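# Working through the structure, step by step
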Amino acid sequence: MSRLTITLTINGREKTFRIDPGEKLLGVLRREGYMGVKKGCGSGDCGACAILFNGRAVNSCLVFAAKADGGTLITIEGLARGEILHPVQIAFLEEGAIQCGYCTPGMVIATVDLLTKNPDPTEGEIREALAGNLCRCTGYVKQVRAVQRAAELMKGGETHV
Amino acid sequence: MSDRAKNFATVGKSLRKVDGVALVTGKPEFVADLQLPDTLIVKVLGSPFAHARIVSIDVSAAEAMPGVACVLTHKNTPTTRHTTAGQGFPEPSPYDTRMFENKVRFVGDRVAAVAADSEEIAEAALKAIRVEYEELPAVLSIDEARRDGAPVIHDEPDSTGIYDVVRNIVADVDIDVGDVVQGFDESDEIVEVTCETQYAQHTPIETHVVLSYLDSANRLVLRTSTQVPFHVRRIVAQTLGIPMQQIRVIKPRIGGGFGTKQEILLEDVAGLISMRTGRPALLSLTRKEEFASSRTRHPMRVRVKLGAMKDGRLHAIEMEATSNTGAYGSHGLTVLANTGSKTLPLYNKAPNAHFYGQAVYTNLPVGGAYRGYGATQGYFPLETAMDEMADRLGMDPIELRRINHIQLGETSPIFEKLGEGREGVSQTVKSCELPRCIEIGSERIGWSKKRGKRLTIGPWVHGIGMSIMMQGSGIPEIDMAAATIKMNEDGSFNLLIGATDLGTGSDTILAQIAAEVLGVPLDKMLVVSSDTDLTPFDVGAYASSTTYVSGMAVQRAAEKVRDQIVRVAAPLLDASADELTLRDNAVFAPAGTSVSLARVCQRAMYETDQFQIGATASCVPHESPAPFLANFAEVAVNRETGKVKVVHYVAAVDCGVAINPQLAEGQMEGAIVNGIGYALTEEMILSSKGRVRNPSLFDYKIPGMLDVPPMDIILVESYEPTGPMGAKSVGEIGINGPIPTIANAIYDAVGIRLTETPFTPERVLQAMKEASS
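In this text the structure is predicted, and so the values were computed from the model without any measurement.

### Brief notes about the overall build of chain A
Broken down by element type, chain A carries five helices and five strands. Secondary structure elements of chain A occur, N-terminal to C-terminal, as β-β-α-β-β-β-α-α-α-α. Relative to the 2.2 N^0.38 estimate, which gives 15 Å for 161 residues, the radius of gyration of chain A is 16 Å and therefore close to what a compact globule would have. Considered along the principal axes of its C-alpha atoms, chain A spans approximately 50 × 30 × 25 Å. Across the 161 residues that make up chain A, the buried fraction comes to 57%.

### Remarks on the packing of helix α7 (residues 229-240) of chain B against helix α8 (residues 267-277) of chain B
Residue and element names in this part refer to chain B. Interhelical geometry of α7 versus α8 gives an angle of 60° and a closest axis separation of 10 Å. Taken together, the axes of α7 and α8 lie oblique to each other. As α7 packs across α8, the resulting crossing turns out to be right-handed. Residues Val-232, Val-236, Thr-239 and Leu-240 of α7 form the contact with α8, whose participating residues are Glu-267, Asp-268, Gly-271 and Leu-272. In terms of residue class, the contact of α7 with α8 is built from four nonpolar, two polar and two charged.

### As for unusual backbone geometry
All names here are of chain B. Here the residue pair Phe-89 and Pro-90 is connected by a cis peptide bond, since its omega of -5° sits within 30 degrees of zero. Structurally, Pro-90 is set in the loop between β3 (68-72) and β4 (103-104). The step from Thr-757 to Pro-758 runs through a cis peptide bond, and the omega angle for that step is -10°. Among the structural elements, Pro-758 can be located in the loop between α20 (738-750) and α21 (761-772). The backbone phi angle of Asn-168 is positive, close to 60°, even though this residue is not glycine. With 27 C-beta atoms counted inside 10 Å, the residue Asn-168 sits in the buried group. In this model, Asp-584 sits at a positive phi of 50°, which is unusual for a non-glycine residue. In this structure, Asp-584 sits in the loop between β23 (581-583) and β24 (586-588). Exposure remark for Asp-584: the 13 C-beta atoms within 10 Å place this residue in the partly exposed category.

### Side note on the interface of chain B and chain A
If you look at the interface, chain B gives 44 residues, while chain A gives 39 residues. Elements with a contribution of two residues or more to the side of chain B that touches chain A: α2 (20-24) and α19 (661-680) of chain B. Among the elements that line the side of chain B that touches chain A, the one with the most residues is α19 of chain B, at eight residues. For the side of chain B that touches chain A, the class distribution of residues is 20 nonpolar, 17 polar and seven charged.

### Considering the domain arrangement of chain B
Residues and elements named next belong to chain B. In terms of domains, chain B is made up of domain 1 (34-136 + 205-256 + 261-293), domain 2 (296-475 + 623-772) and domain 3 (479-619). Centre-to-centre separation of domain 1 and domain 3, based on C-alpha positions: 39 Å. Residue-level contacts link 17 residues of domain 1 with 15 residues of domain 3. Listed by contribution, the elements that provide at least two residues to the side of domain 1 that touches domain 3 are α7 and β11 (247-250). The greatest single-element share of the side of domain 1 that touches domain 3, amounting to four residues, is contributed by α7. Considered class by class, the residues forming the side of domain 1 that touches domain 3 number six nonpolar, seven polar and four charged.

### Focus: the sheet that holds strand β14 (residues 300-308) of chain B
All names here are of chain B. Ordered by their spatial adjacency, five strands build an open sheet running β7-β16-β15-β14-β8, and the pairing between neighbours is mixed. The outermost strands of the open sheet, each flanked by one partner alone, are β7 (169-177) and β8 (189-196). The average angle at which neighbouring strand axes cross in this sheet is 5°, direction not considered. On the sheet, helix α11 (residues 375-393) packs against β8, β14 and β15 (314-326) and is oriented at approximately 145° with respect to β8.

Cut-off values and rules
- Residues numbered from 1 in each chain as written.
- Chains lettered and ligands numbered in written order.
- Predicted model: local features only at pLDDT ≥ 70, side-chain atom pairs only at ≥ 80, totals over all residues.
- Helix = DSSP H or I, 4+ residues; strand = E, 2+ residues; numbered from the N terminus.
- Rg over C-alpha atoms; globule rule 2.2 N^0.38 Å.
- Buried ≥ 20, exposed ≤ 12 C-beta atoms within 10 Å, placed from the backbone.
- Axes fitted to C-alpha atoms, helices over the stretch in contact; angles between N-to-C directions.
- Parallel < 35°, antiparallel > 145°, perpendicular 65-115°, else oblique.
- Left-handed = near helix turned anticlockwise from the far one by under 90°.
- Contact = placed C-beta atoms within 7 Å.
- Nonpolar A, V, L, I, M, F, W, Y, C, P; charged D, E, K, R; others polar.
- Domains from an automatic or database assignment.
- Pairing = 2+ DSSP bridges.

Take a look at the structure:
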């Protein structure tokens, strides 16, 4: 199979990769060292591999890497500025929303996506937006609170991305 | 908060997890996040048949493919019988498993493994393996297993520890207290309930995964997603026939376990490939493989018979359990025993009790450890029968439980009669706030206002139900945990623990315990868990043992270190060691003078009578104090569709002192939601040939954010005098609640007793139809 060359802007840096035509973004990102992007199912059911693709949360296991050519990606690694965490990350820590942490990157990315579009979501809107992110540890109580807390923090001016 | 818990500085606080920042920033902390050059990708060929003999296997084409480094089959691998159950030695599970064998016993059973330069090559090589099978008649239900003339699943001569090979019986348990036959004769009212539970899976979001490689001394390193690193080391050494000292097991961050990673499933294969090829090997199950070939909760049929006097006092209890262990007997005996041992002591007033059970082989997916560990299956019929008994006696279900449940200062003969697949250990209850749990929970749900009212809104009928339960904290006289603490000259400490944080937060709570004793903030404790080369022995994360058993080891190690610190500090403060106290990173004399911990360690390291301040301590628990839980649920049942919605769930739990309340709540919330999934939607559907038909997270429905009800988790604190800082466990108990609680609420709503899980709309409609005809 002939290899393709694609260019992606990942977390603000432009990079060029050689890929196979059938490869999904998840595999390419992990191979290139973005290990915060997790694989939980490979079929779009769990949300652990979520990234922001052109500003929208997507399951990277479902996106052909070739189709992402020229796109702008933000992974969990791209949210913090050095030691300064993104407010969504702070909120997840404060509210105890992390247990094993395997679903956390996808959950945080989905939250960033939600709060970018809807800075003041209701609980129902939060649950709707994060319904595709499965977590087996937490029962979601503290994650919903973390999203609410993140919304407060971001309204208070703590924004970036 | 108990008076004794009030004075804690670090314990009892919801401090941030010590690994939280790494996890929330996506640091490469998990097994598969470590990339090593030249890593082989391993794929496993699973059996397409439930029961078959491998007549021939030809791997020559696979081996000849460019990029294939190694192919393993039964022809070129060790033949030692072992168990995959990661239990203490000697394991109470039968030695009925080989790495590979010329017989397969369930769909997905290992046939061969291929290691190649890429996943694509490995998959292509799997397809190139030619296997000729002789299909054998299969046992596809617990009823078929014990039938005369049934196919014998483990007919091999070298398996050991099987109770009755010919009848496919893995284990048999039978214990008596008093005389139940006479007890039932003397009872005024008898209730009998038989319940069946389904195949269900843990589904951690990270599947089983191991990365193996050889270190500079040619030792085998297994970086693996496990709850039991020390058992992995021992069982892989046994399976591969190599000295244990040749193996190092590293447990990095783990993406959830819930029992399925108390199993040695992949490490032997990856390890042997690294030994044969000298290259790193990554073996990671796909979600489909996880469903087909990892572990499940043992499906059970459990019958409970209760005899009670007119005033509600229970007079006789009988429980009979039949457990399906699937093709291998992993945890077969102990899960079965726990079905009785973790449930029957709750109703200790009954003078007559009988527990009888068998675990049987089938050619179906393999059972294993799963949060709740048999108690989940036992509480369903027990608490259903209690609800029915209350109905028959015309009593409030709460009142019936109040007069029968075990209380502070009491014991149960079951503790001594039935333990971890053998005799148990007698104990009395030294902490129990179950009465307050019931009281607080019933108020929160609105029991007296809502019970029996059948609020109806359109097709939806509301009802409320309750259940109570207990679990344990570790396995008494069997579990062992150790901890090492060493001090650094800046006043920080390394806490080295074999205890296995698989997402529970145990690194954090164990550090809180040590920090409490040593008078330092949490960030002065530098935690390493777990690495069999660096950390002391711990049986691992199972049986609700970590807080209680490992926590006590940590407390003891910290106390030894504190004793060393005050001895060094005494001359600096011109005081005697026994009057010194530790707080705020310093040692204080009664007069108020102080010296920093950093200064103390500098003295010990560089100045006078030099030595390393540090200690190792161990804990073997002599009892297993139970956490207690009162569950309440309000449900709405749709009379037209049969759908059941949980409207509100209340869980009031006594776990002793919660070392970190936020993490304790998290354990409860996660366990209850897992239990709600088990009650309503989760079921592995098997074909008539024994194949899992819904091996994906799309078709096997675990709860998502839209599927969970509003929940109130209430920590009702007690102080367990035998526990570290007054703590008991909380990891498992929550999962036992939803099934009986929801079942009893459905009865309150529409008057049907559901005895088969999950409570799907079809089953609810069917039961309503039967009840009305």
